[in-house]
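Report on the structure
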Amino acid sequence: MDTLEQKISQIDKNRVPVHVAMIMDGNGRWAKKRGLGRSEGHSEGVATVHRVTQFSSDLGIKYLTLYAFSTENWNRPQTEVDTLMYLIGWAIERELPELLRNNVRIHLLGDIERIPEEPRKRLFYARDATAACTGLNLNMCLSYSSRWEITEAARRLASRVAEGSLSPSDIDEKMISDNLTTAGIPDPDLLIRTGGEERISNYLLWQIAYSELYFTDVLWPDFTNEEYADAIIDFQKRERRFGKTSEQVTNTTTTSQI
Ligand code: FPP
C-alpha cells in the first residue's frame, strides 16, 4: 500500500485537473454504521471538506466545486435541514482565517436566498472577505440543482426574447453557459462521487458533458487525501477525446477542454 507521499509523487503536477467537482455522499451511512445520528456524519463530513480543500490548494487545482446542499435536500426532515444549515454557516466562519491564509476564494452557487438568514450572512461574509484571493476557487453549491439553474437560464433568455432585446437565433451554447451559476468557470475536468452510488443526482448536468467520472465506495467522512490522490492518478491515465479520435488527441497535453 503506497503512502500519501508515494501517491503524490505519482501525480504529474503539470497535468492536474483544472477543475474538480465532488458529490459528497455517505455521511448518513457513516454515522449509522457507528450507531450515531446523521448529524454527526455531516459534522465529520466537514472535516473532509477541510482536507480536500487544503489538498486541492496544495496541488494547484484552480477550482473545487462541492455539492453541499441540493434543491432536493430541502425535503429532508426539518431537523436535518436545520443541522446542515447551522453546520455550513459555522464551518465557513471557523475556516475563514485559514481560507484567507491559503488564498482560497469562496463562491456561492445556487438559490442562496433560500438559505436561512443566519448562515446566509456568514456565507456572504466569507465570500466577500475572500473576494481578492487568487488561489483555489472553492465553489459551494447550496440549494443548487442543475434543472433549477437551467430553468432559471431559460427564463432569463426567454424574457429577453419577449422584450425584443434577444433573437432566438443568437442563443448559442456559450450564451447558455454564461447564464448558469458557473458562468466564467471552466467545465469540470473530473467529477468524484463518494458513497458507492453511481449517479449524478441533478449536479452540473450541462457542465459535465466531457468530464471524467470517478466513483468510489468510500463514504465521504472516510475520504482521505490518499483516496483523492488515487482519483487524480486515475484521471491522469485516461485519454480525453472530446468526441475526436484517439489519433487526433494523441499529442494534446492540456487537461482542460478550453
Ligand atoms: C450526503 O450524504 C451529504 C449531504 C447532503 C451534505 C453534505 C454536506 C457536508 C459534508 C457539509 C458541508 C459543509 C461545508 C462547509 C461545505 P447523505 O446524508 O445523503 O449520506 P447517506 O447517503 O449515507 O444517507
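Owing to the predicted nature of the structure, the values given are computational and were not obtained by experimental measurement.

What counts, and at which threshold
Residues numbered from 1 in each chain as written. Predicted model: local features only at pLDDT ≥ 70, side-chain atom pairs only at ≥ 80, totals over all residues. Heavy atoms only, no water. Core = buried A, V, L, I, M, F, W, Y, C linked by side-chain atoms within 4.5 Å. Buried < 20%, exposed > 50% of the residue type's maximum accessible area, 1.4 Å probe, protein only. Helix = DSSP H or I, 4+ residues; strand = E, 2+ residues; numbered from the N terminus. Contact = heavy atoms within 4.5 Å. Expected span 1.5 Å × (residues − 1). Arc of directions from axis to C-beta. Pairing = 2+ DSSP bridges. Axes fitted to C-alpha atoms, helices over the stretch in contact; angles between N-to-C directions. Parallel < 35°, antiparallel > 145°, perpendicular 65-115°, else oblique. Left-handed = near helix turned anticlockwise from the far one by under 90°. Nonpolar A, V, L, I, M, F, W, Y, C, P; charged D, E, K, R; others polar. Phe/Tyr/Trp six-rings, centres within 6.5 Å; stacked < 30°, edge-to-face > 60°.

Regarding the nonpolar core
Ranked by internal contacts, the top residues of the largest apolar core, which has 44 residues, are Met-22, Leu-64, Met-140, Leu-142, Ile-192 and Tyr-228. The dominant element in this core, judged by the number of residues it contributes, is helix H4 (residues 78-101), at seven residues. Apart from residues no more than four positions distant in its own chain, Leu-64 is found in contact with Val-20, Met-22, Val-52, Thr-53, Ser-56, Leu-136, Asn-137, Leu-138, Asn-139 and Tyr-228. In this structure, Ile-23, Tyr-67, Leu-204 and Ile-208 belong to the second largest nonpolar core, which totals 11 residues.

Topic: helix H6 (residues 146-163)
With 18 residues, H6 extends 26 Å between its outermost C-alpha atoms, agreeing within 8% with the 26 Å of an ideal straight helix rising 1.5 Å per residue. For H6, the full list of buried residues reads Ser-146, Glu-149, Ala-153 and Leu-157. Buried residues of H6 fall within an arc of 80° about the axis and therefore sit on the same side. Facing away from the buried side of H6 by over 90 degrees, the exposed positions are Arg-147, Arg-155, Ala-162 and Glu-163. Packing partners of the buried residues in H6 comprise strand S4 (137-144) and helix H7 (173-178). Downstream of H6 by a residue or two, Gly-164 has a phi angle that is positive, lying close to 90°.

Some points on the sheet that holds strand S1 (residues 19-23)
The six strands are arranged S3-S4-S2-S1-S5-S6 in an open sheet whose pairing can be described as parallel. Of all the strands in the sheet, just strand S3 (105-109) and strand S6 (212-215) have a single pairing partner and so form its edges. Strand-to-strand twist across the sheet, computed as the mean angle between neighbouring axes with direction ignored, equals 20°. Strand direction decides the pairing type here: S1 and strand S2 (residues 63-70), joined by five bridges, are parallel. Paired with His-19 across the strands is Tyr-63, a residue of S2. Across the sheet, helix H8 (residues 225-237) touches S1, S2, strand S5 (190-193) and S6, and the angle it forms with S5 is around 140°.

Notes on the packing of helix H3 (residues 38-59) against H4
Interhelical geometry of H3 versus H4 gives an angle of 30° and a closest axis separation of 10 Å. As judged from the angle between their axes, H3 and H4 are roughly parallel. Crossing geometry of H3 relative to H4 is assigned as right-handed. Residues Arg-38, Ser-39, His-42, Ser-43, Val-46, His-50, Thr-53 and Gln-54 of H3 pack against Glu-80, Thr-83, Leu-84, Leu-87, Ala-91, Arg-94, Glu-95, Glu-98 and Leu-99 of H4. The residue makeup of the contact of H3 with H4, split by class, is five nonpolar, seven polar and five charged.

Remarks on the packing of aromatic side chains
Counted under the stated rule, the structure contains eight aromatic pairs. Where Phe-55 meets Tyr-228, the ring centres are 5.3 Å apart and the plane angle is 55°; that geometry is what we call tilted. Within this pair, whereas Phe-55 is found in helix H3, its partner Tyr-228 is found in helix H8, the two being separated by 173 residues in sequence. Under the relative-accessibility criterion, Phe-55 is labelled buried at 5%. Ring geometry for Tyr-67 versus Tyr-144: centroids 5.9 Å apart, planes at 80°, classification edge-to-face. Taken together, the positions of Tyr-67 in strand S2 and Tyr-144 in strand S4 put the pair 77 residues apart, joining distant regions of the chain.

Honestly, that's just the spatial picture; any functional story needs more than this.
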